Protein chains: 2
Amino acid sequence: MAQQPTTSRFTNPSPARPSSLPDRRPSRAVVEPVRPVVDGGAFAAKAALGEPIVVLADVFTDGHDVVAAALRWRQAPPSSGEENPWRETAMASAGNDRFHAMITPDELGRLEYDVVGWIDHLETWRRDTVKKLDAGLDISSELLAGSRLVDATLDATTLDTDDRARLSELRSALARGESTATSATLRDATWAEVFWRCSPRAPEAHLSRPLPVDVDPLHASFAGWYEFFPRSSVGDDAEGSGGSDDAPRTVLDSIDRLDHITSMGFDVVYLPPIHPIGITNRKGRNNATTATPDDVGSPWAIGSSAGGHTAVSPELGTVDDVATFAAACSERNMHLALDIAFQCSPDHPWVSDHPEWFAKRPDGSIQYAENPPKKYEDIYPLDFESDDWQGLWNALADVFRFWIGHGVTVFRVDNPHTKAFAFWEWAIATLRLEHPETVFLAESFTRPRVMERLAKIGFNQNYTYFAWRQSQWELEEYFTDLATRTVDYFRPNAWPNTP
Amino acid sequence: MAQQPTTSRFTNPSPARPSSLPDRRPSRAVVEPVRPVVDGGAFAAKAALGEPIVVLADVFTDGHDVVAAALRWRQAPPSSGEENPWRETAMASAGNDRFHAMITPDELGRLEYDVVGWIDHLETWRRDTVKKLDAGLDISSELLAGSRLVDATLDATTLDTDDRARLSELRSALARGESTATSATLRDATWAEVFWRCSPRAPEAHLSRPLPVDVDPLHASFAGWYEFFPRSSVGDDAEGSGGSDDAPRTVLDSIDRLDHITSMGFDVVYLPPIHPIGITNRKGRNNATTATPDDVGSPWAIGSSAGGHTAVSPELGTVDDVATFAAACSERNMHLALDIAFQCSPDHPWVSDHPEWFAKRPDGSIQYAENPPKKYEDIYPLDFESDDWQGLWNALADVFRFWIGHGVTVFRVDNPHTKAFAFWEWAIATLRLEHPETVFLAESFTRPRVMERLAKIGFNQNYTYFAWRQSQWELEEYFTDLATRTVDYFRPNAWPNTP
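Residues numbered from 1 in each chain as written. Chains lettered and ligands numbered in written order. Predicted model: local features only at pLDDT ≥ 70, side-chain atom pairs only at ≥ 80, totals over all residues. Heavy atoms only, no water.

1. Topic: the overall build of chain A
Step number 1: Looking only at helices and strands, chain A has 13 helices and 19 strands in total.
Step number 2: Expected size for 499 residues packed as a compact globule is a radius of gyration near 23 Å; at 30 Å, chain A overshoots this value by more than 25%.
Step number 3: Dimensions along the principal axes, computed over C-alpha positions, put chain A at roughly 100 × 60 × 45 Å.
Step number 4: Looking at chain A as a whole, 54% of its 499 residues qualify as buried. (Helix = DSSP H or I, 4+ residues; strand = E, 2+ residues; numbered from the N terminus. Rg over C-alpha atoms; globule rule 2.2 N^0.38 Å. Buried < 20%, exposed > 50% of the residue type's maximum accessible area, 1.4 Å probe, protein only.)

2. Points about the interface of chain A and chain B
Step number 1: Every contact between the two is made by 84 residues of chain A and, on the other side, 82 residues of chain B.
Step number 2: Interface area, chain A with chain B, both sides summed: about 7,300 Å², of which 57% is carbon and sulfur.
Step number 3: Where chain A touches chain B, the interface holds 10 salt bridges.
Step number 4: A salt bridge links Asp97 of chain A to Arg447 of chain B, with the shortest nitrogen-to-oxygen separation between them at 2.8 Å.
Step number 5: Along the contact surface separating chain A from chain B lie 20 residue pairs in polar contact (both at pLDDT 80 or more).
Step number 6: Taken together, the residues of the side of chain A that touches chain B break down into 36 nonpolar, 20 polar and 28 charged. (Contact = heavy atoms within 4.5 Å. Buried area = accessible area lost by both parts, 1.4 Å probe. Salt bridge = Lys/Arg side-chain N within 4 Å of Asp/Glu carboxyl O. Polar contact = N/O pair within 3.5 Å; in protein donor to acceptor, adjacent residues only side chain to side chain. Nonpolar A, V, L, I, M, F, W, Y, C, P; charged D, E, K, R; others polar.)

3. Some points on the sheet that holds strand E19 (residues 461–463) of chain B
What holds strands together in a sheet is hydrogen bonding between their backbones, with the strands either parallel or antiparallel.
Residue and element names in this part refer to chain B.
Step number 1: As summarised here, the arrangement of the 7 strands in space is E10-E11-E12-E17-E18-E19-E20, forming an open sheet in which the pairing is parallel. Either end of the sheet is taken by a strand with one partner, and the two such strands are strand E10 (225–227) and strand E20 (492–493).
Step number 2: As paired strands, E19 and E20 are joined by 2 bridges and run parallel to one another. Its bridge partner being in E20, Tyr463 is matched across the sheet by Asn493.
Step number 3: On top of the sheet, helix H8 (residues 319–331) reaches strand E11 (268–271) and strand E12 (335–340); it is set at about 135° to E12, its chief contact. (Pairing = 2+ DSSP bridges. Axes fitted to C-alpha atoms, helices over the stretch in contact; angles between N-to-C directions.)

4. As for the relation of the copies chain A and chain B
Step number 1: Mapping chain A onto chain B is achieved by rotating through 180° and translating by 0.0 Å along the same axis, at an RMSD of 0.1 Å. Here the copies are linked by what is in effect a two-fold axis. Of every C-alpha in chain A, the one belonging to Gly40 of chain A sits nearest the axis of rotation, 2.6 Å from it. (Least-squares fit on C-alpha atoms with pLDDT ≥ 70 in both.)

5. Some details on unusual backbone geometry
Glycine aside, residues mostly have negative phi, and peptide bonds are mostly found in the trans state.
Residue and element names in this part refer to chain B.
Step number 1: Along the chain, Arg35 connects to Pro36 via a cis peptide bond; the corresponding omega equals 0°.
Step number 2: Its location among the elements puts Pro36 in the loop between strand E1 (29–35) and strand E2 (45–48).
Step number 3: In this structure, the amide linkage connecting Ala202 to the following residue, Pro203, adopts the cis form with an omega of -5°.
Step number 4: With respect to the element layout, Pro203 can be found in the loop between helix H5 (191–198) and strand E8 (205–206).
Step number 5: We note that Asp39 has phi near 50°; this positive angle belongs to a residue other than glycine.

6. Digging into the sheet that holds strand E9 (residues 225–227) of chain A
Step number 1: Overall, parallel pairing links the 7 strands, which are arranged E9-E10-E11-E16-E17-E18-E19 (chain A) in an open sheet. If you trace the sheet from one side to the other, it starts and ends with E9 and strand E19 (492–493) of chain A, each paired once.

7. Some details on the packing of helix H3 (residues 161–176) of chain B against helix H4 (residues 180–187) of chain B
All names here are of chain B.
Step number 1: The interhelical angle for the contact between H3 and H4, taken along N-to-C directions, is 140°, at an axis separation of 9 Å. On the basis of the axis angle, H3 is oblique to H4. When the axes of H3 and H4 are compared, the crossing they make is left-handed. Here H3 contributes Leu170, Ala173, Leu174 and Arg176 to the contact with H4, which in turn contributes Ala181, Thr182, Thr185 and Leu186.
Step number 2: Residue classes in the contact of H3 with H4 are distributed as 5 nonpolar, 2 polar and 1 charged. (Parallel < 35°, antiparallel > 145°, perpendicular 65-115°, else oblique. Left-handed = near helix turned anticlockwise from the far one by under 90°.)

8. Considerations on the pattern of salt bridges
Step number 1: One pass over the structure, following the stated rule, counts 79 salt bridges over all chains.
Step number 2: For the salt bridge of Arg412 of chain A with Glu443 of chain A, the shortest nitrogen-to-oxygen distance reads 3.7 Å. One end of the pair, Arg412 of chain A, is in strand E16 (residues 410–414); the other, Glu443 of chain A, is in strand E17 (residues 439–443), and 31 residues separate them in sequence.
Step number 3: A residue is classified by how much of its surface remains accessible, and Arg412 of chain A, at 0% relative accessible area, is buried.
Step number 4: For Asp62 of chain B, the salt bridge identified is with Arg28 of chain B, shortest N-O distance 2.9 Å. Within this pair, whereas Asp62 of chain B is found in the loop between strand E3 (53–61) and strand E4 (67–75), its partner Arg28 of chain B is found in the segment before E1, the two being separated by 34 residues in sequence.

9. So, H3 of chain B
Because an α-helix packs 3.6 residues into every turn, residues spaced three or four apart end up facing the same way.
All names here are of chain B.
Step number 1: For H3, spanning 16 residues, the distance from its first C-alpha to its last is 23 Å, which sits close to the expected 22 Å at 1.5 Å a residue.
Step number 2: Taken as a whole, H3 has its buried residues at Asp163, Leu167, Leu170, Ala173 and Leu174. Considered in projection along H3, the buried side chains sweep an arc of 115° and stay on one side of the axis. Residues of H3 that are exposed and point over 90 degrees away from its buried face: Thr161 and Ala175.
Step number 3: One or two steps after H3, the chain reaches Gly177, where phi turns positive at roughly 90°. (Expected span 1.5 Å × (residues − 1). Arc of directions from axis to C-beta.)

10. Here's the deal with the side chain of Thr464 of chain A
All names here are of chain A.
Step number 1: Within the secondary structure layout, Thr464 lies in the loop between strand E18 (461–463) and helix H13 (472–483).
Step number 2: A distance of 2.9 Å separates the side chain of Thr464 from the backbone nitrogen of Phe466, its partner in a polar contact.
Step number 3: With residues near it in sequence (within four places) discarded, Thr464 still touches Phe445, Met451, Tyr478, Phe490, Pro492, Asn493 and Ala494.

11. Let's talk about the packing of aromatic side chains
Step number 1: Taken as a whole, this structure holds 62 aromatic pairs over all chains when the rule is applied.
Step number 2: Ring centres of Trp350 of chain B and Trp357 of chain B lie 5.3 Å apart, and the angle between their planes is 80°; this geometry places the pair in the edge-to-face category. Like Trp357 of chain B, Trp350 of chain B is buried.
Step number 3: Relative to Trp426 of chain B, the ring of Phe423 of chain B has its centre 6.2 Å away and its plane inclined at 45°; by these criteria the two rings are tilted. A residue pair is termed a helical-turn pair when its members lie 3 or 4 positions apart in one helix, as Phe423 of chain B and Trp426 of chain B do in helix H11 (residues 421–434) at 3 residues. With respect to burial, Phe423 of chain B and Trp426 of chain B carry one shared label: buried.
Step number 4: Taken together through their ring pairs, the aromatic side chains of Phe342, Phe384, Trp389, Trp393, Phe400, Phe411, Phe423, Trp424, Trp426, Phe440 and Phe459 of chain A make up a single cluster.
Step number 5: Over the ring of Trp196 of chain A we find Arg201 of chain A, and its NZ or CZ is 4.9 Å from the ring centre.
Step number 6: For the cation-ring pair, Arg201 of chain B lies above Trp118 of chain B, with the distance from its terminal atom to the ring centre recorded as 3.8 Å. (Phe/Tyr/Trp six-rings, centres within 6.5 Å; stacked < 30°, edge-to-face > 60°. Lys NZ or Arg CZ within 6 Å of the ring centre and 35° of its normal.)

12. Description of the environment of Ile340 of chain B
Residue and element names in this part refer to chain B.
Step number 1: Topologically, Ile340 is positioned in strand E12.
Step number 2: Of the residues examined, Ile340 reaches a relative accessible area of 0% and is grouped as buried.
Step number 3: A sequence separation of 60 residues divides Ile340 from Phe400, and the C-alpha atoms of the two residues are 8.3 Å apart.
Step number 4: Excluding its chain neighbours within four sequence positions, the residues that come into contact with Ile340 are Val399, Phe400, Trp403, Phe411, Arg412, Val413 and Asp414.

13. Focus: the confidence of the model for chain A
Residue and element names in this part refer to chain A.
Step number 1: Here chain A averages 91 in pLDDT, and 92% of its residues register 70 or above.
Step number 2: For the stretch residues 1–17, pLDDT sits under 50, and the model shows 72 contacts to residues farther than four places along the chain or on other chains.
Step number 3: This stretch, residues 238–244, has a pLDDT under 50; its non-local contacts, to residues over four places away or in other chains, come to 5 contacts.
Step number 4: Our summary of model confidence lists the complex with pTM equal to 0.92 and ipTM equal to 0.92. (pLDDT = per-residue confidence, 0-100.)

Written out as structure tokens, the structure reads:
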């Protein structure tokens, strides 16, 4: 209590170990959050622009007094510290101490909400007086008590003109004394609304702290994704023919696919990695350990002398071509999604420029990826325990910044669960502060807690177990879990496979 | 992240809005609490002296490295700020990222626990090397890498003699090179235990803050209660006869009931209020509004010229008699529970000494209790919105202190849900800091959130809906809820009725 003298809050940052009384009387009302809330407010819940958010909270008091509640929300203050104004809306009772309200976010980025509860002494008085009227009891004392409450309200608060007029009218009715007209005035249920606005609220109860909600663009919450490799794409005239004998097609060539894709109703066009592919230890067809001159290698073996994560494989085009392709998607009300796989071929510029970002074997060579006995010599993982982890984190965040600067705002992140959680939490928060329209999809098929953690720390969408749930009961159970336990933060992208 | 540079914690007090990197590399491990935890740590969970506490947490990392976890706990620091030392025990994996450990509290009062997770690089290396052995691959590079890890461990940490010897032995085996003996050494599963103790842990992951658990005496968690009115009690020789024609019996007379009560296996002897009963507006039999000279009135109409909540009704005895009775209970391994009902008869000393502690009607008279159209003119409720709420709160806490000083440590609190939650939270925390053996039972039959709140803010036991659950499915559903959703804080006292 000592930390929170003015309010009774649902969470006490350090549960009460008081040795002295609070300085000011806490509210008799209490507020407990119900939803949306993720791990008690440790992580932001998710919402989408223009989509209603239903906020539920339990608001109650000791005894039998009437409590009232309001939802307050605002854009979260930026780290610079400037505060945005709170907006407020009434919460309605749903019975059994639960209150609800609905707001519709109209701005991207983080908002925060608080729930405020107070005892409505005017409405308590009105309800109890009507009870006595109903029981045929004398209410002269109640009329006096009510007059005092109304006087105090007229004195104490800033009322709008209409409310002041109504309260003055009530004051006159009470002064008139007990009568049929006075009884009718008291029974008028619309007082509850007037009192909600006018009743003195102090001391109010609050949540222990405002709860965060990240407002995403709508396509973060629902979208159809279309995946293709530009080099293997075919034009409109050959659609469905399953291939082409022509030379590999470029990103610009692929623009002619977009009208067909949009006509099928897709929202996102997703390209697997388009970066230069390494030469050293390049894999051949079907994972052959030596490549023929015709083999392009795995697009996930990223980087060559032509560049790394901010370059485009020359046979596919240029970064400007990607910007053009992204704009062509936008013109068709679609979003381009790039595949971001934070791993390097042995030929990636970072290998020579920043060897400290990679783990070494005892002989000093860089450790390639392996899952014993399997070896992936064409891929070097990044070392998130590098002594220069700060340089690495900044470089990785800059990869996203680079593509955002070229019109890409959706990223399908490859295997995020093999990179440090703390990195993602920092990177996504930072990037969404700068560009709240950015969407990150976690391409992660792994254990439940790991996938859920990725959602908590900021990924807007997650891959799911959908492809592994086949019978009716499995699907029902799984989607019920997604629609209940994790619904505030884990958005399923029921993508059936991965290339 | 900015607030927590050294660790990756499950709750970020203010969810990440970073504009710069953390100062130090966060752990790649993360820790999420599972139980016991009440509202994210806002309230203390409950435990009992000598009864094991099972702590569950999810501990995991990105990628495939081996994580290890420890449970740390200690007596919570008193408000004076002196810190108690942490104790530590290993947590075992239960699969799917969940870890568990069991501790048995050996001291009353608040303890706090933390869960610590780290990446065990030695065990990761050993597991991966054994995988390569199993696949028949060359492990010469792994032997070198292992030697370096072991060297760093021998350098860097304070090891006990046995562990140092074992690590030196491992170092020799690795230096010996690949051989059957080396393979056998590597496959020895007992390394996991050694490495748990020896592997460098920094940077560790922690809970966002230690979680509180209140350790109660065992009879707070399980006890049979026996209720009787001393004035109506009969002696051993008349047991079961249903009454006595003798004069009302006293507290001291009632000691002769105790052997019979303890023989039935009861743990707590509960006396309804024993205080002086008011004269003004005293109720007669069956709630008659006028009392005859023989009517004793309701024991819940507390206070007369003979005193209030710290006095004993003269016909029952004295406060010293109550202390004697409490001692007699203790001698029989039982606990005396007093009924504490914070309300006053019009004759209570507080009415004249502290009229400001009561709500007034417009005519200046004190407001009696009512639930329109019902009136309880023999009872004045206390006003928790009094301007002198601090004086009132202190006086109420002093009532408990007074009886604790006379050997009473169990209190059946009457209707706590009609007094301010913030008062109980403060009073119970304060009293249990002074007297951690004290037990508070909430006599509260009301709405679910209100009863649960009373449990959260410190009541050790709560009345339940047991008496209203009659069919099998109702009982199953209700007790399942008590045994799952609220199990960490709500202790059911399945008392069937109230007098």
